[in-house]
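Observations on the three-dimensional arrangement
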Amino acid sequence: MRPTGAVRAIRSIVLAPAVAVVALVALPAVASAHVTVQPGEVEGGGYAVVAFRVPNERDDSATVKLRVILPEEQPVASVSTTPLPGWTARTRSRTLDEPLDQGGRQVTDVVSEITWSADGDGVGPGEFEDFEVSVGPLPESGEMVFRVLQTYADGEQVNWTEVSLDASVEPEHPAPVLHLTAPAEHATSTAAETDRTPVLPLVLSGLALLVALAALGTAWRRGAR
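Thresholds applied
Residues numbered from 1 in each chain as written. Predicted model: local features only at pLDDT ≥ 70, side-chain atom pairs only at ≥ 80, totals over all residues. Heavy atoms only, no water. Helix = DSSP H or I, 4+ residues; strand = E, 2+ residues; numbered from the N terminus. Buried < 20%, exposed > 50% of the residue type's maximum accessible area, 1.4 Å probe, protein only. Contact = heavy atoms within 4.5 Å. Areas by Shrake-Rupley, 256 points an atom, 1.4 Å probe, with all protein chains shown as cover. Patch = residues over 30% accessible without salt bridge, like charges linked within 9 Å, V, L, I, M, F, W, Y side chains within 5 Å. Salt bridge = Lys/Arg side-chain N within 4 Å of Asp/Glu carboxyl O. Lys, Arg positive; Asp, Glu negative; His and termini not counted. Charge placed at Lys NZ, Arg CZ, Asp CG, Glu CD. Polar contact = N/O pair within 3.5 Å; in protein donor to acceptor, adjacent residues only side chain to side chain. Pairing = 2+ DSSP bridges. Axes fitted to C-alpha atoms, helices over the stretch in contact; angles between N-to-C directions. pLDDT = per-residue confidence, 0-100. Phe/Tyr/Trp six-rings, centres within 6.5 Å; stacked < 30°, edge-to-face > 60°.

**Section: the overall build of the chain**
Across its full length, the chain carries 3 helices and 12 strands. When burial is assessed residue by residue, the chain has 31% of its 225 residues classed as buried. Contacts spanning at least 24 positions in sequence make up 72% of the contacts within the chain whose residues lie at least 6 apart. Taken as a whole, the chain presents about 13,800 Å² of accessible surface, with 57% of it coming from carbon and sulfur.

Below, the structure written as structure tokens:
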């Protein structure tokens, strides 16, 4: 049986808001296909495990090498990598002009960069990989900007090193940024983020439901005449 005109109208009215909701919710995921630090915010002053999330933005070549350069003006005494199957991690160190104090121990040499090289296929098209690092002690507050160089199997290198002076404008290849907060501030912002995250999908879903119910009522009244 073919659907009546009223049923077709209801379907079109109901589906349109639903498609809009899905598109709006999916937009942030599409827009964030850059190399990032996960999580983007951690508590300053201590140790943290963060991951450099690397998506493959090519459809014809795999990512086979990742080089992460730590900020020179913010040296950290301890940097260690997490074993990652299919990859080999190597670090390079530098000597500080002034030593760092790590629990009473004077540290003069610190890791300046980390390079992961693929032992196999690397990160294929449509895939991403998390490269984990334990770092600390971190600065008390502020932010750490990392320079990341992503190399593909065909030799192309993408440099994620750009920093915009205008917060409203995102560079084409932004450098990953790790935000550092004081403990109390971090807890407050995390709670606010938790409360704020589901609001948009819920509001859009509610509007879509109201539109659908209104359309259903209109079609029912027309059919009853």
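**Some words on a negative patch on the surface**
A cluster of acidic residues, Glu-72, Glu-73, Asp-97 and Glu-98, forms a negative patch on the protein surface. Turning to its location among the elements, Glu-72 is positioned in the loop between β4 (63-69) and β5 (78-81). With relative accessibility at 59%, the residue Glu-72 sits in the exposed group.

**As for unusual backbone geometry**
Of note, the bond from Gln-38 into Pro-39 is cis; its omega dihedral lies within 30 degrees of zero at -10°. Relative to the helices and strands, Pro-39 resides in the loop between β1 (36-38) and β2 (41-43). Of note, the amide linkage connecting Gly-136 to Pro-137 takes the cis form, showing an omega dihedral of -10°. Along the chain, Pro-137 turns up in the loop between β8 (128-136) and β9 (142-145).

**With respect to the side chain of Thr-63**
Within the secondary structure layout, Thr-63 lies in strand β4. At 2.9 Å, the side chain of Thr-63 and the side chain of Gln-150 are in polar contact. With near-sequence residues (within four places) excluded, Thr-63 lies in contact with Val-54, Asn-56, Trp-87, Asp-121, Gly-122, Val-123, Gln-150, Thr-151 and Tyr-152.

**A short note on the pairing of strand β12 (residues 177-181)**
Direction of pairing for β2 relative to β12: parallel, over a ladder of 3 bridges. Its bridge partner being in β12, Glu-41 is matched across the sheet by His-179. Pairing analysis gives 4 bridges linking β9 to β12, with the strands arranged antiparallel. When the bridges of β12 are listed, Glu-143 appears paired with His-179.

**Some thoughts on the sheet that holds β8**
Spatial ordering of the open sheet is given by β1-β3-β8-β5, a layout of 4 strands whose pairing is antiparallel. Every interior strand has two partners, whereas the edge strands, β1 and β5, have only one. Each strand of the sheet is rotated relative to its neighbour by a mean of 30°, with strand direction disregarded. Where β1 lies against strand β3 (residues 48-55), 3 bridges are found, and the strand directions are antiparallel. Bridged to Thr-36 within β3 is Arg-53.

**Digging into the confidence of the model for the chain**
Detailed reading of the predicted coordinates is not advisable wherever pLDDT is low. The predicted model of the chain has a mean per-residue pLDDT of 81, with 67% of residues at 70 or higher. Predicted confidence for residues 13-31 stays below pLDDT 50, and this span has 11 contacts to residues more than four positions away or in other chains.

**Regarding the sheet that holds β4**
Ordered in space as β6-β7-β4-β10-β11, the 5 strands form an open sheet in which the pairing is antiparallel. For this open sheet the edge positions go to β6 (87-102) and β11 (157-160), each flanked by a neighbour on one side alone. When strand polarity is set aside, the average angle formed by the axes of neighbouring strands in this sheet is 20°. As paired strands, β4 and strand β10 (residues 147-152) are joined by 6 bridges and run antiparallel to one another. Among the inter-strand pairings, Arg-67 is bridged to a residue of β10, identified as Leu-149.

**Regarding the packing of aromatic side chains**
Counting across every chain of the model gives 3 aromatic pairs. Residues Phe-52 and Phe-146 carry aromatic rings whose centres are separated by 5.1 Å and whose planes lie at 80° to one another, so their mutual orientation is edge-to-face. One end of the pair, Phe-52, is in strand β3; the other, Phe-146, is in the loop between β9 and β10, and 94 residues separate them in sequence. The interplanar angle of 85° and the centroid separation of 5.0 Å between the aromatic rings of Trp-87 and Phe-131 together place this pair among those described as edge-to-face.

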